[in-house]
Amino acid sequence: RETMGGKVDVDPLRAAALALREKNGLPHGVAKLETAGGDGDRVDYFRGKDLVRYLREHPDKFSNVLKDKTERAPEESAAELVRAFMMKGLANRTERKFKRPKPGRTRLVKWPRTILPVKDQVWDEPSFYAWTFDRPKGVLYYITIALIPLVVIAACLFPLAPWWARMALVYFLMSILLVLLGLIVLRYTLFTLVWVASGHALWLFPNMMSDQVSIVDAFVPVVTFDKAKSWKNGWQARIATAAVCAGVVWLLASHTPDLDHLKQGAAQAHDSLFEYLDQLYSKDKTYLTSGSGAGGPGAPGGPGAQSGGPGSGQQFRGRPGDGMGGRPGGV
């Protein structure tokens, strides 16, 4: 709020919450805060134990917010700070939706993707606390908003783009597609090998296939590893999976065409794609209808207008009421 002197008076409690949400602040997760009807919004949330650890590393960080200025344990400071956040409406206590590990895992995930509101808004160190306010928008946000109309205009003008720009975009998109497909194959192959051999769960980019995270968060963290209690866990399913994978590999190896045939097929697909794009771009390769241009192929008085003339290819068929002498029967 603004004071009489014209200066902005920042709420110290809100400033403390913003400091905790900075890049070097508290570790946080992003999840869907699910309501009773199954809907919900995506929110940022933190763990109470992480706040205790943060205050232990920064004991004097929020001395201007805490009422008791004496030296206290970080657990007590975290409890007072979170209670103040909840009374101010800056954070709410939540809990994870799924209380048991997923099949194939031995422990719960650190940052669940779905959380639920809790009726009792009290301090509990193992609990999750969701922020109820939005962070201030950065410069990158406004730059992105300004670029959206430019991207739409560029997409509308794309048919008028030069040939090299079209080809650059095609190769760029094809490269991204190949990289994503390669990562998907690699992550599932790596998981299957480790799980079948040891029972452990090793995931490369575990959030990559999730539709509940942003593009940046889809590649964070890079690797997660869930250690099994015993290598005997799920040994029947692992043996069956190994047998199925061996059968699939044998089928692919025994029915795969030779390398020359694969190269020929790839070259034909490449040429077909570029021929199609060339037809869209080049006006000389579009099919002209009758009356589209004077003296053009198939036009009255032009080359091929006479039946049997050079380059005619097709005989004109007149139609009643057609003042242009009819259309070619084909191209």
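None of these values were measured; they are calculated from a predicted model.

Q: Explain the packing of aromatic side chains to me, and be specific about the residues and the numbers.
A: One pass over the full model with this rule turns up 13 aromatic pairs. With 5.7 Å between their ring centres and 85 degrees between their planes, Tyr188 and Trp203 make a pair best called edge-to-face. Taken together, the residues span a long stretch of sequence, with Tyr188 in helix α5 (residues 163-198) and Trp203 in strand β6 (residues 201-204) at a distance of 15 residues. Using a relative accessible area of 37% as the deciding quantity, one classes Tyr188 as partly exposed. The buried category is assigned to Trp203, whose relative accessible area is 14%. Ring centres of Phe205 and Phe219 lie 5.4 Å apart, and the angle between their planes is 80 degrees; this geometry places the pair in the edge-to-face category. One end of the pair, Phe205, is in the loop between β6 and β7 (223-226); the other, Phe219, is in the loop between β6 and β7, and 14 residues separate them in sequence. Three or more aromatic residues joined by ring pairs make a cluster, and in this case those are Phe46, Phe85, Trp123, Tyr129, Trp131 and Phe133. Sitting over the face of the ring of Phe133, Arg21 holds its NZ or CZ atom 4.9 Å from the ring centroid.

Q: How would you summarise the environment of Ser127 if you had to cite specific residues and measurements?
A: Inspection of the secondary structure puts Ser127 in the loop between β4 (114-117) and β5 (128-131). Under the relative-accessibility criterion, Ser127 is labelled buried at 8%. Residues Ser127 and Arg96, spaced 31 residues apart in sequence, show a C-alpha to C-alpha distance of 8.6 Å. Sequence-distant contacts of Ser127, defined by excluding residues within four places in its chain, comprise Phe46, Arg47, Gly48, Arg93 and Thr94.

Q: Quick one: what's the story with the confidence of the model for the protein chain, residue by residue and with numbers?
A: Close inspection of predicted coordinates is inappropriate in any region flagged by low pLDDT. Mean pLDDT for the protein chain: 79, with 79% of residues reaching 70 or above. Element-level pLDDT for the protein chain is lowest in strand β8 (residues 316-317), with a mean of 38, against a maximum mean of 96 in β5. Segment residues 1-8 is flagged for pLDDT under 50; beyond a separation of four residues in sequence, or across chains, it makes six contacts in the model. Predicted confidence for residues 284-331 stays below pLDDT 50, and this span has 41 contacts to residues more than four positions away or in other chains.

Q: Explain the sheet that holds strand β3 (residues 91-96) to me, using residue names and the numbers behind them.
A: The mixed closed barrel is built from five strands, whose spatial order is β1-β2-β5-β3-β4. Ignoring strand direction, the axes of neighbouring strands in this sheet form an average angle of 50 degrees. Where β3 lies against β5, four bridges are found, and the strand directions are antiparallel. When the bridges of β5 are listed, Arg93 appears paired with Tyr129. Strand contacts of helix α2 (residues 48-57): β2 (40-47) and β5, with the helix running at about 40 degrees to β2, the strand carrying the most contacts.

Q: Lay out the pattern of salt bridges with the relevant residues and their values.
A: Using the criterion set out here, one finds nine salt bridges in the structure. For Glu34, the salt bridge identified is with Lys97, shortest N-O distance 3.0 Å. Of this pair, Glu34 sits in strand β1 (residues 29-34) while Lys97 sits in the loop between β3 and β4, and the two are 63 residues apart along the sequence. When its relative accessible area of 31% is taken as the criterion, Lys97 is described as partly exposed. Residue Arg56 is joined to Glu75 by a salt bridge in which the shortest nitrogen-to-oxygen separation is 3.0 Å. With Arg56 in helix α2 and Glu75 in helix α3 (residues 74-88), the pair connects residues that are 19 residues apart, well separated along the chain. Judged by its relative accessible area of 31%, Glu75 is partly exposed.

Q: Any details on a nonpolar patch on the surface? Residues and values, ideally.
A: Among the surface-exposed residues, Val139, Leu140, Ile143, Leu147, Leu150, Val151, Ile153, Leu157 and Leu160 lie close enough to one another that they form a single nonpolar patch of about 940 Å² accessible area. For Leu140, the location among the structural elements is in helix α4 (residues 139-156).

Q: Please give an account of α2 that cites residues and values.
A: Along α2, the positions that sit buried rather than exposed are Gly48, Asp50, Leu51, Val52, Tyr54 and Leu55. Against the buried residues of α2 lie α1 (12-20), β2, α3 and β5.

Q: Can you tell me about α4, naming the residues and giving the values?
A: Look at α4: 27 Å from first C-alpha to last across 18 residues, which is about the 26 Å you get at 1.5 Å a residue. The principal kink in α4, of about 30 degrees, is found at Leu147, preceding the proline Pro149 by one to four residues.

Q: Would you mind going over the side chain of Thr94 in detail, with residue names and values included?
A: Note that Thr94 resides in strand β3. With residues up to four places along the chain from it excluded, the contact list for Thr94 reads Leu33, Ile115, Leu116, Pro117, Val118, Ser127, Phe128, Tyr129 and Ala130.

Q: Which residues make up the environment of Lys99, and what are the values?
A: As for its placement among the helices and strands, Lys99 is situated in the loop between β3 and β4. Among the polar contacts listed, one links the side chain of Lys99 to the backbone oxygen of Arg96, at a separation of 2.8 Å.

Q: Which residues make up unusual backbone geometry, and what values go with them?
A: Going from Val220 to Pro221, the amide bond is cis rather than trans, its omega being -5 degrees. Mapped onto the elements, Pro221 comes out in the loop between β6 and β7. Its identity as a non-glycine residue notwithstanding, Phe205 has a phi of 50 degrees, on the positive side. Residue Phe205 is classed as buried on the basis of its relative accessible area of 15%.

What counts and how
Residues numbered from 1 in each chain as written. Predicted model: local features only at pLDDT ≥ 70, side-chain atom pairs only at ≥ 80, totals over all residues. Heavy atoms only, no water. Phe/Tyr/Trp six-rings, centres within 6.5 Å; stacked < 30°, edge-to-face > 60°. Helix = DSSP H or I, 4+ residues; strand = E, 2+ residues; numbered from the N terminus. Buried < 20%, exposed > 50% of the residue type's maximum accessible area, 1.4 Å probe, protein only. Lys NZ or Arg CZ within 6 Å of the ring centre and 35° of its normal. Contact = heavy atoms within 4.5 Å. pLDDT = per-residue confidence, 0-100. Pairing = 2+ DSSP bridges. Axes fitted to C-alpha atoms, helices over the stretch in contact; angles between N-to-C directions. Salt bridge = Lys/Arg side-chain N within 4 Å of Asp/Glu carboxyl O. Patch = residues over 30% accessible without salt bridge, like charges linked within 9 Å, V, L, I, M, F, W, Y side chains within 5 Å. Areas by Shrake-Rupley, 256 points an atom, 1.4 Å probe, with all protein chains shown as cover. Expected span 1.5 Å × (residues − 1). Bend = angle between axes of the 7 residues up to and from the residue. Polar contact = N/O pair within 3.5 Å; in protein donor to acceptor, adjacent residues only side chain to side chain.

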